[in-house]
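# What the coordinates show
Listed below are the residues making up each chain.
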Amino acid sequence: MNRSLTSLIAFNLLFSPMALAGGAQEPRADIDLSRSADGIEGEEQVWSAWGGELHIAWNRELLTDIGVRLSAPKGLLGAPEHGVERLGVRETVGFQFKVRGRAFNGFAGGALSVQGGYDLEAGGRRIPLRDFSLRPRPGNPWVLDVVSGDGEAWFYIDRIMYALESNAPVLALHAMDLRATPAFAELLGRPYVEGMTLAGMKVEANIFRGGFDKYVEGCPASSRWPGMEVSPGGPRYEADVFMMSFHLSYSRKTADADGPGGSDGGVVFTPSSRLKNNRNNGSLVQTVNDGVGGLGTSPALYAADVVWRTKFSENCPPYGNDQHPYLIWNVYRIDADGRIEQVGRSGVKHAFLTINVSCDANPGSGYILGRGCEDVYSEGNNDSNSALGPRRELIPAAGLWGRCGSIYDPNCDGSSGDFGGFTSYDHRMIARESKIDPAANPGASWLFESWYIVRDDVNIYNTMQTRPGSFSWSGSTWNTINGNPLKLGPAIDRWVDPAAPAAGQRNTELVLTEGRSKAAVRTTNLGDGRHRYDYAVMNFDFGQPVTQGSEPNLRVVSNDGFLAFRVPIPAGATVQDLVFGDGDIDAANDWTATVESDAVVWTAPAGAALNWGTLFRFSLVVDAAPQDGEVGLLRPTRSTTDLIPVANLRPAGATAQVYGIGGEVIGLPPGLSLRLALNGGNDIEIDANGSFAFPHGRFDGSAYAVTVVAQSEDLDCDVSNGSGMIAGADVVDVQVNCGVAAGHQVGGTLSGLVAGELGISLNGGETLLLTTDGPFQFQTILPNGAGYAVTV
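Residues numbered from 1 in each chain as written. Predicted model: local features only at pLDDT ≥ 70, side-chain atom pairs only at ≥ 80, totals over all residues. Heavy atoms only, no water.

Below, the discussion takes up the overall build of the protein chain. Of the regular secondary structure elements, the protein chain holds five helices and 60 strands. Rg of the C-alpha trace for the protein chain: 29 Å, near the compact-globule value of 28 Å for 792 residues, within the 12% margin. Expressed along its principal axes, the backbone C-alpha trace of the protein chain runs to roughly 90 × 85 × 45 Å. Charged side chains in the protein chain number 60 positive and 89 negative. The centres of these two groups are separated by 7 Å. (Helix = DSSP H or I, 4+ residues; strand = E, 2+ residues; numbered from the N terminus. Rg over C-alpha atoms; globule rule 2.2 N^0.38 Å. Lys, Arg positive; Asp, Glu negative; His and termini not counted. Charge placed at Lys NZ, Arg CZ, Asp CG, Glu CD.)

Here's what the structure looks like:
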């Protein structure tokens, strides 16, 4: 699809409280509609639309769970594709809607009439959902009632993404959630069904009154992309997106899922999620009302616009591709003994449009999230086959997606024409019943977590949010109880507070060039000289990517995380009760524990690394009390001894020592720089002569190798004393010798350019594009005596 989006606005409203098991109810968060067209200029007009198509994807498993029988469809426009069925929209009647400037501004009346449809059997009654209509709700211009053939509104639609698409012209109603009304829940005799998303819908209606003549097609522009200067030589715009709220809901269950004490089937849960862009514009202001650890206010002084392209749309600035954010979600169980385990993890939801409501600076485009603007994605949207993929296709620390060779484009032709073959269980978050059943886990509690991955985001932790939650069985479905408080930050920080850990607890962040992770521990005195150590390692976005090609056709071959976890122990210690937990029930991918003379080491089997977005837990009992020290994480590398130390608690008496690695840089000219790597990673940037040291040392007896992995183009650096084995002391004699490569650059001055652009090349190679008079210089270094030719 290659459409020019001229306007987008979306809303999240009519939040009928969903009755939860046990009588608990939770109102859904609202969005301020009074600012729907904020920052958009122009007079309000009334346009009209009719005809076109309606696409619908029913959650058939959920319908079965709640006792609804759906007939075969009648009047489809062709065969279903990926679970989506198409119905026609009549041209005999249409509805009116308001437009201000480039923004949809609510429905004004009328209706859309759909041809064909379904019969539903529910609560002993037949509902003729054939030739139904979509009608704006009186008094609420943002909600559509779905009126069936019997004249009843058994369903309603909210959380719609409205788009005016100029090349058709079309009014596109994206990501529509078909929800159950209170009357439908009452008909079924199941109060908890009220507000449930039963289907996802989309409408493309032809605009027959209104016009796009004043709108310009093409890539939306911004002067506030990340990295752009606010003023010449001044500060730069930075991206920092916040998670505002999320709500986890039941979607479906596998055929063998039959409730507490049953066969331990799988259950799918999906969130609705809401975010907000940083509000800072030269001064620090609170963006969201969650100041935990200062996370509610961005450190980025000037908020950048965040690009939000639909995948396989035009390759546009600022990255020259179809860049967009990504969403994942997880569920954790904390058992009665206080041990944490990640019992559910989703695939990746690809965001495709942004809503831009409640903005401080509305960019006027659904492909840009503006300063202070909010966005929302509903459960139906986040449960879409066409928007979900595997985590392995991302390099989250860089915000990169490997489009080439992905499930959407396996043959790497730049389109999604060969996408298909996936079910409503693929790439979802599926939790086993045994992991969420309160009766099977007495004394346990749960944490729900959801977070976005945004390219160039300066703070990954305020795009994450967690809340307490629990589950209940209704007799046919597993319902969620979303508790409070909602807090910014990851679940592991709610298990052990890194800022104020309790006695016998630690939570330490490991920051590497390749990404971030945390290792936390709770220790328990068992009262007989023995202590239990419960470790949790959360990999947020660390990985060792192997790629091919470049954007927009980047291929991610692999992006493995950590391969081993090491806990030093004292010589002669008695070690018991070794436990590993990855949250699933597949023993084949469990890490293997080995008790060595000075450590317990858990090692991953092939294909089972601790990858990004994932938490593993490790437990052991040792006859030694805890003390400060280091544990170790093994990163993927040719050197099996590249074990990175992480400050934490470990059993007292362990003799493993950590030593630093560093040296001196000599001969580096001013203004030039180089980057050094330790054992192929953990890079450090150096821009001045003098001593250096890597931030993370290595354990005694480990191999080390320091290499130059990048340097200024005309710089020539080499390393001496750069490799060896650590032998009971810091390594301080690594020497990096630099000099300027012999040669010269070619430059000159351009004059007389009246307008336009001029391209020049040096020896048919390096090319410069000149747009103004003045000096220019090629970066290519030519050796003494070499010829040169500059051509237009």
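Picking up where we left off.
Moving on: the environment of Tyr533. Note that Tyr533 resides in strand β36 (residues 531-539). On the accessibility criterion, Tyr533 (0% relative accessible area) is buried. Sequence separation of Tyr533 and Ile127 is 406 residues, and the distance between their C-alpha atoms is 58 Å. Those residues in contact with Tyr533, other than ones at most four positions away along the chain, are Arg522, Thr523, Phe618, Ser619, Leu620, Val622, Ala624, Ala625, Pro626, Arg650 and Pro651. (Buried < 20%, exposed > 50% of the residue type's maximum accessible area, 1.4 Å probe, protein only. Contact = heavy atoms within 4.5 Å.)

To continue, consider the packing of aromatic side chains. Evaluated as defined, the whole model comprises 31 aromatic pairs. Ring geometry for Phe155 and Phe184: centres 4.8 Å apart, planes at 50 degrees, overall tilted. With Phe155 in strand β14 (residues 153-158) and Phe184 in helix α2 (residues 182-188), this residue pair connects regions lying 29 residues apart in the sequence. With respect to class, Phe155 is no different from Phe184; both count as buried. Consider the rings of Trp451 and Phe540, whose centres lie 6.3 Å apart with planes at 70 degrees: the pair is edge-to-face. Here the residue Trp451 occupies a position in strand β30 (residues 445-453), and Phe540 occupies one in the loop between β36 and β37 (544-548), the gap between them amounting to 89 residues. (Phe/Tyr/Trp six-rings, centres within 6.5 Å; stacked < 30°, edge-to-face > 60°.)

Okay, the pattern of salt bridges next. Summed over all chains, the structure comprises 40 salt bridges. The salt bridge partner of Arg506 is Asp628, with a shortest N-O separation of 2.9 Å. Pair noted here: Arg506 is in strand β34 (residues 505-512) and Asp628 is in strand β44 (residues 626-634), with a separation of 122 residues, a long-range link. By relative accessible area, which is 30% here, Arg506 ends up partly exposed. (Salt bridge = Lys/Arg side-chain N within 4 Å of Asp/Glu carboxyl O.)

Here we come to the environment of Thr791. Within the element layout of this structure, Thr791 appears in strand β60 (residues 790-791). Overall, Thr791 belongs to the partly exposed group, its relative accessible area being 39%. Separated by 32 residues in the primary sequence, Thr791 and Gly759 have C-alpha atoms spaced 8.5 Å apart. Apart from residues lying up to four places away in sequence, Thr791 is in contact with Gly759, Ile760 and Ser761.

The next point concerns the sheet that holds strand β5 (residues 68-70). Spatial ordering of the open sheet is given by β5-β10-β11, a layout of three strands whose pairing is antiparallel. Edge strands, defined here as strands with exactly one partner in the open sheet, are β5 and β11 (125-130). For this sheet the average axis-to-axis angle between neighbouring strands, irrespective of direction, equals 20 degrees. Relative to β11, strand β10 (residues 117-122) runs antiparallel, the two sharing six bridges. Of the residues in β11, the one forming a bridge with Ala122 is Arg125. (Pairing = 2+ DSSP bridges. Axes fitted to C-alpha atoms, helices over the stretch in contact; angles between N-to-C directions.)

Here we take up the sheet that holds strand β57 (residues 758-762). Taken in spatial order, the three strands line up as β58-β57-β60 in an open sheet, and their pairing is antiparallel. Of all the strands in the sheet, the pair left with one neighbour each is β58 (767-770) and β60. Sheet analysis places β57 next to β58, joined by four bridges and oriented antiparallel. Across the sheet, Ser761 pairs through a bridge with Thr767, a residue of β58.

With that settled, consider the state of the cysteines. One pass over the full model with this rule turns up four disulfides. A sulfur-sulfur separation of 2.0 Å characterises the disulfide bridge that pairs Cys359 with Cys373. Its S-S torsion of about 120 degrees marks the bond between Cys359 and Cys373 as right-handed, since a negative value means left-handed. One end of the pair, Cys359, is in the loop between β23 (348-350) and β24 (368-369); the other, Cys373, is in the loop between β24 and β25 (374-377), with 14 residues separating them in the sequence. The buried category is assigned to Cys359, whose relative accessible area is 2%. In this model, Cys404 is linked to Cys412 through a disulfide, with the two sulfur atoms separated by 2.0 Å. With the S-S dihedral at roughly -120 degrees, the linkage between Cys404 and Cys412 falls on the left-handed side. Note on Cys412: relative accessible area 26%, which makes it partly exposed. Described in terms of the sequence order of its bonded cysteines, the disulfide pattern of the protein chain is 1-2, 3-4, 5-6, 7-8. (Disulfide = S-S within 2.5 Å.)

What follows is about unusual backbone geometry. The linkage connecting Asn484 with the following residue, Pro485, adopts the cis geometry, with an omega of 10 degrees. Within the secondary structure, Pro485 sits in the loop between β32 (478-482) and β33 (487-488). Here the amide bond leading from Glu551 into Pro552 is cis, since omega sits at 5 degrees, within 30 degrees of zero. Mapped onto the fold, Pro552 is located in the loop between β37 and β38 (555-560). The backbone phi angle of Ser358 is positive, close to 55 degrees, even though this residue is not glycine. With respect to the element layout, Ser358 can be found in the loop between β23 and β24. With relative accessibility at 4%, the residue Ser358 sits in the buried group. Backbone geometry at Asp456 places phi at a positive 70 degrees, although glycine is not the residue there. In this fold, Asp456 is placed in the loop between β30 and β31 (464-473).

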